[in-house]
Structures are given as C-alpha cells and as structure tokens.
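# Survey of secondary and tertiary structure
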Amino acid sequence: MHRFIDFNDEKTDTLLMLELSDLTKTLTNSELYEAEIRVHSYLSKRDRKVFVSHFWDHRPEGIKKPGMKSDVYLRALGNRSFTDFQAVDEFRDILAASPIPRFAGQLLMLAEDLRIEEICKKERPGMGSEFNVRRNIYMEYFESQLVVNLEKNLFADALFNLVYLILNSDSPVLTIPSFNPELDEGIPHIRSHLENLYDAKSTRDAAVICLNTVERAASVLHSDMINEYFHLPGFEQNLLDDISFSDLVRKDPLQNDDFAEEKAGGDEHVYEEKMRTWHREAERPGKSYMQFELDQGTKTDISGGSEREGEDGDQALAIVQGRSKRTDKNEFSKMDINRLGESVASGGKSSYGIANKNARPIFLNAQRQGEESTAQYMKLEKEVKFYHKKLKNIIERIMKKKETDHRSHLQMGRLGKNLVPFFTDEHPKLFYKKSQPGKEIDAAFILLVDCSASMFDKMEETKRGIVLFHEALKSVGVSHEIIGFWEEANEVTKDDQPNYFLQTIPFSMSLQQQSGPEIMELEAMEDNRDGYAIRIVAERLLKRSENQKFLIIFSDGEPAAFDYDNGIMDTHEAVMAARKKGIEVFNIFISNTGLEFEQRKVFENIYGNRSIIAPYVEELPDVLFPLLKRLLSQSINI
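All values reported here derive from a predicted model rather than from experimental measurement. (Residues numbered from 1 in each chain as written. Predicted model: local features only at pLDDT ≥ 70, side-chain atom pairs only at ≥ 80, totals over all residues. Heavy atoms only, no water.)

### Considerations on the overall build of the protein
Along its length, the protein carries 18 helices and 13 strands. Looking at the protein as a whole, 43% of its 638 residues qualify as buried. Expressed as a percentage of contacts within the protein between residues at least 6 apart in sequence, the contacts between residues at least 24 apart total 74%. For the protein, the computed accessible surface area is about 36200 Å², with 50% contributed by carbon and sulfur atoms. (Helix = DSSP H or I, 4+ residues; strand = E, 2+ residues; numbered from the N terminus. Buried < 20%, exposed > 50% of the residue type's maximum accessible area, 1.4 Å probe, protein only. Contact = heavy atoms within 4.5 Å. Areas by Shrake-Rupley, 256 points an atom, 1.4 Å probe, with all protein chains shown as cover.)

Structure follows, in structure tokens:
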C-alpha cells in the first residue's frame, strides 16, 4: 500500500516495547506501570509511565536496546526508589526566580541521574554493561554538541555540555575549550562546585550543590539554555502512587467550628435511619440514593453506637472498594445504574486490553442472498474449483495412506518378519501395529476478514480467497466460520466504540451444501480494531471441542481506530494471548500495489514468522492453498 503523504513513518518495534514494559513492571514491582517512547526520558508517577527517550532511535541494535534499557533502569528503579521528589519540587520553586531556570533544572536532573546510576549499579551489578554503553554514547554526543554550541555562541548550552564531560570524564585532565574571557575565568569556580556532587548522598544534597553552582554560573551567563537535554518533570507528574486513608478523610472545617458545652450523660436516644443503596446483588435498584453534605453544626461527644472492633471478614470490603467507580460530578441521582466497572477489580484493565476498555461487540447475521449474489458466488467458485478439488484429493490420499501404513519397532503388537535385532540388540523391538484410519480432520477454523475502508479496492479479489477457504474446508468436512469485522467511525464516542462482527458463514452452516453466497455481503466499511477483534473471535474458537484450532486473518494494513494509537502493540498482545491458549494464529497480508519494507517489518512484529505476504491480491488463492494444505495435513487423526 503506497501512501501519498506520510509525515511520521516511525514504526514501533513491538517486541522491544513489550520487553521494556515487562522490565518496567519488574523493576517497579507493579503491574500498573508501562513503558512509552517520548522525546525525553523521565518518570511520571501520576500516569504510571516510564518514558524512554527518542535519543536511542536510529542507532545500531547493540546501542539502541542497551540505551533504552538504561533509561528504564534509571526511571523504574532509580527515580522511583531513590529520588526525593519533594526535594525536586522545592528546587523547582526556587529556580523560578533564577535568571537561568532551564540550565538549573537540567543540571539537577543530570546530577540526580549520575547519583542514582551508581546506586542502581550497586543494587544490581548486572546493569553495568547498559550503563557503560549509555555513558560512552553520551560522551561522544556532548563532545560534538560542545563544538556546535560554541560555534553558534550558545554559551549556556556549551557550558552544560562541558559540565556533563567534567562529571563523566575518566581522565583527571580534561581539555577545556575557550568560551569568552568572562566564562573562562568563572569555569574553575563552577568546576569546584560540581566536584561536590560526587559526595551527594541524597536528592536534597544534590539540589543544594546545584543551587550553588547555578548561582555562580548565573554571574557569567547572560542568557539561558535553548536546547533541552534532560527533562525536569512538572509537579503534577510526581504525585504519589498510592493514596492513604488520611487523604480520603474530609479535612475542611465546618462553618461554625465549635463544640457543645453540655456533656453526654449516656441516656441519649440515637436515631438510626436506613437508606437504600444499590449494588449488583439487589433485585431492583430503587429510586433513591444516599448523599450527604454537612457544612455546619455543633460537635458533640455523643456516640452513634456504630463503632466496633475489626473482624477478619472485613477484608471482603476491599473487593467493594476495588470495584467503586467515580461518577459524573458525584451526582448520584443522574448516574446510570447499568454502567458497571467491567474489570476494575483487575487493576483497571479490560479483559480485552486497556486500549479496548470502551469497545463493545455487535454481532450481525448475514441476510439471505438473492439470485445476483448467488450468481456472483458461483462464478468465483468456478474460478477456484481447481484449488479446492486438488486440496480435497491431497487430503484424501493422506488419510488413505494413514489407514494402510503401519508403525514398526514397537515393544508389543504383531510380530514382524525381521528377527535379527533379537540377537543383536540389548532391548529388541520386533513388533508392529497397523495404524487406525483417520475418521475425520480434528480441526476448527475461523477466517477473520478486515472490512476497513482501505479494503475498498481489494474486497472483490479478496472474496476469491474467501470462497476458496470456504469450499476447500467444506469439501473435506472441516467446521469453520467466516467473520468480517470493522469499527463504525460515525458511531464512536470517547466512552463507546461499537465494533461489528458480520457472521457470513457461522459454524452451524459451514458444512451445508447451499452455504456460500452469504460471503458476497462482505464490504469495505470503516476502521479496524484488530486486537479487539482477535480477542473476541478467539473466545468463540476456544469454545469448540476440536483438538486443533486455527485463526487466519486477512488484512491490508495496520490497525487503525478511534483512540487506538498503540494498536500494533495491542494486536501483538492479542495474538500472543491466543497462541498461549492453543490457537494457531496466521495473518495473510493483502496488497494490490506491492509491499514496502516498513509494512513487512510491522506485520513481522505483530505476528512473528506466521505472517504470509500476498504482494498482489490476485495471488491470494496461490498463497492460501499451501497454507490450508499444511494445516489440514497436520490435523488428520492417526
């Protein structure tokens, strides 16, 4: 598929990103954290993300992968465990008044990275090789940046480059280029402050040293940095991961903050009133909900009698708390009682993937086709008749061979004619058995057809391959299903993404002689949310009793749908999950203009070595025939 304009042709290395995400989860000891690519590397505790820098892209694999891993080490282990974010926030408040705030912020991040790097290597010595690669590449980079910035008279940027070289140089003798007379005179004093960073024991110590250094640098610099080499995240990024109970307790005072003078005598009547609340075990939700706002009143020491000692059974309340869901503006009277947290108990992840938490399936049945569609189907069936007849003959020969063949060199069975091993072998195997005839092919197939808009100019030719799939499996008695899928872009909202699944050939009709013309109903529609579709049909396939289960996907491009930026990774995760459950997943890429290297790489990332290329849609039957032959052959009962 040739695209007219492609402003950003960057392709995600799915396997590498999954490896980085797994590494992030391991180091943070939390399933909630993910890795993501950004311009700069930093930790966002609010979003639970470890951002890996684009700096490592377009480098050899021996540099790219260790460099990205070193970013994860620093953020997931270093920043999260050893950085004092309160000290960072205090430093940010102070540098707001500095004449060189960008220089100051990046200096602290550099100093903190160097400090926690040493801690990480001490805690995990195996990280040393990645950090060595990181330091060598950064040294080369900042040496070149120093030359460039001096030529442009960007003295603040050049000074920061020099600071990095000073702090990371293995040699005590470092050649320092000339800046200008004023800076040349101030650099020795700046260097003396920087050397104190080697003794910093905490983030707060590093911040104090950086403030002293910035104060000295500000006296010789007349402008701030332009480039950003290290990112100082904002205050909101450093929110704590967990909210304590005290954070949930109301702390704002009443309008009249007084206390009753009269003491409770103990004989007061405490009135209790029950108000209906709804939960999923209730038969009917009712019409009233409980909501109180107490802004004024006098405090007393009267006990409501509701206190009690905690019990072991109270742990069940943790489940209730885990399933709670924030409502719109806390207005319970307007809350839709039918909207329940689908999978909040599992950490907020949908069972169909985080990217698909608002997606829902809508299954459609194919309509009875008229004479015109039947005629079109018969025409296509004649075009592929050679293939499915040939396939049927091959399968029948294999099954007949299984019936007549016998297994030899067994320890029990019928005695064979060759008795020489009885005298020559220590443990002779002289017997054989006739193989049992294979009564059927123990397999079930689902063909999932991409009905996105980009299939508009390929769908007619694709139907030839679909007809071959149906007729070939029907001729050898293998149950199968053909489903077209798409997401309706005109109906999509932020909270609701309907995905349609058109069952042209369901399992119940797949072996019926008159089935087939329903395939003509497949048309190019809208978007394609591949990862979600694979998970939905995999559930259907797992319900089948056959021993072998195969899922084949016809598609012509990358996943593309509303709020589905990580569609490649989501689809890869869906494929891996299906394979772990015993489903063999294959992809056949369809094109009508040839195949680009980048597209081949994308589909290899998603499906591994089980992505088959049909560079021209007319060649689809030639590609599908050997695949069906191989899969059916391995599924024959022995």
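### A few points about the packing of helix α2 (residues 61–82) against helix α4 (residues 101–123)
Where α2 meets α4, the axes come as close as 9 Å, and the angle between the chain directions of the two elements is 95°. The pairing of α2 with α4 is recorded here as roughly perpendicular in orientation. For the pair α2 and α4, the contacting residues are Y73, L74, R75, L77, G78, N79 and F82 in the first and E112, D113, R115, I116, E117, I119, C120 and E123 in the second. Looking at the contact of α2 with α4, its residues break down into 7 nonpolar, 2 polar and 6 charged. (Axes fitted to C-alpha atoms, helices over the stretch in contact; angles between N-to-C directions. Parallel < 35°, antiparallel > 145°, perpendicular 65-115°, else oblique. Nonpolar A, V, L, I, M, F, W, Y, C, P; charged D, E, K, R; others polar.)

### Observations regarding the environment of I441
Within the secondary structure layout, I441 lies in the loop between β7 (431–434) and β8 (443–450). In this structure the C-alpha to C-alpha distance between I441 and V476, which are 35 residues apart in sequence, comes to 8.0 Å.

### So, helix α18 (residues 620–635)
Under the 1.5 Å per step criterion, the end-to-end length of α18 is 23 Å for 16 residues, consistent within 8% with the ideal 22 Å. Every buried residue belonging to α18 is among L620, P621, V623, L624, F625, L627, L628, L631, L632 and S635, and all of these are buried. (Expected span 1.5 Å × (residues − 1).)

### Topic: the sheet that holds strand β3 (residues 49–53)
Spatially, 3 strands are ordered β1-β3-β2 in an open sheet, and the strand pairing comes out mixed. Looking at which strands have only one partner, the edges of the open sheet turn out to be β1 (34–38) and β2 (42–44). Shown here is a sheet whose adjacent strand axes are inclined to one another by a mean of 30°, direction ignored. Sheet analysis places β1 next to β3, joined by 5 bridges and oriented parallel. Among the inter-strand pairings, E34 is bridged to a residue of β3, identified as K49. (Pairing = 2+ DSSP bridges.)

### Overview of the side chain of R134
Here R134 shows up in helix α5 (residues 128–151). Apart from the residues within four sequence positions on either side, R134 is in contact with W56, G67, S70, D71, L74, R75 and D113.

### Some remarks on the pairing of strand β11 (residues 548–555)
Of all the 8 residues making up β11, 7 are buried; the element is thus mostly covered by neighbouring parts of the structure. Direction of pairing for β8 relative to β11: parallel, over a ladder of 7 bridges. Residue pairing for β11: A444 is matched across the bridge by K549. The pairing of β11 with strand β12 (residues 583–590) spans 7 bridges and is parallel. Following the sheet pairing, F550 is matched in β12 by E584. On the question of chirality, the crossover connecting β11 to the parallel β12 by way of helix α16 (residues 567–580) is right-handed. (Right-handed = clockwise from strand over helix to strand, strands pointing away.)

### Regarding the nonpolar core
Residues F103, L159 and F179 are the most contacted members of the largest nonpolar core, which totals 72 residues. Excluding residues that lie within four positions of it along the chain, F103 makes contacts with A156, L159, F160, V214, A217, D224 and M225. Of all hydrophobic cores here, the second largest spans 49 residues; its members include L468, V476, F586 and A614. (Core = buried A, V, L, I, M, F, W, Y, C linked by side-chain atoms within 4.5 Å.)

### As for the pattern of salt bridges
Under the criterion given, the structure shown has 29 salt bridges. Close ionic contact of E36 with K49 constitutes a salt bridge, the shortest N to O distance being 2.9 Å. Of this pair, E36 sits in strand β1 while K49 sits in strand β3, and the two are 13 residues apart along the sequence. Taking the relative accessible area as the measure of exposure, E36 reaches 27% and is therefore partly exposed. Here E481 and R540 are joined by a salt bridge, their closest N and O atoms 3.0 Å apart. (Salt bridge = Lys/Arg side-chain N within 4 Å of Asp/Glu carboxyl O.)

### Observations regarding the packing of aromatic side chains
Throughout the structure, instances matching the rule amount to 29 aromatic pairs. Ring centres of F103 and F160 lie 6.1 Å apart, and the angle between their planes is 85°; on these two criteria the pair is classed as edge-to-face. With a gap of 57 residues between them, F103 in helix α4 and F160 in helix α6 (residues 155–168) connect regions that are remote in the sequence. Classification of F103 by relative accessible area gives buried; the value is 0%. Feature note: the residues F55, W56, F103, Y138, Y141, F142, F160, Y164, Y229 and F230 constitute an aromatic cluster, connected by ring pairs. Seen from the ring of F55, R59 lies directly overhead, with NZ or CZ sitting 4.4 Å from the centre. For the cation-ring pair, R544 lies above F507, with the distance from its terminal atom to the ring centre recorded as 4.2 Å. (Phe/Tyr/Trp six-rings, centres within 6.5 Å; stacked < 30°, edge-to-face > 60°. Lys NZ or Arg CZ within 6 Å of the ring centre and 35° of its normal.)

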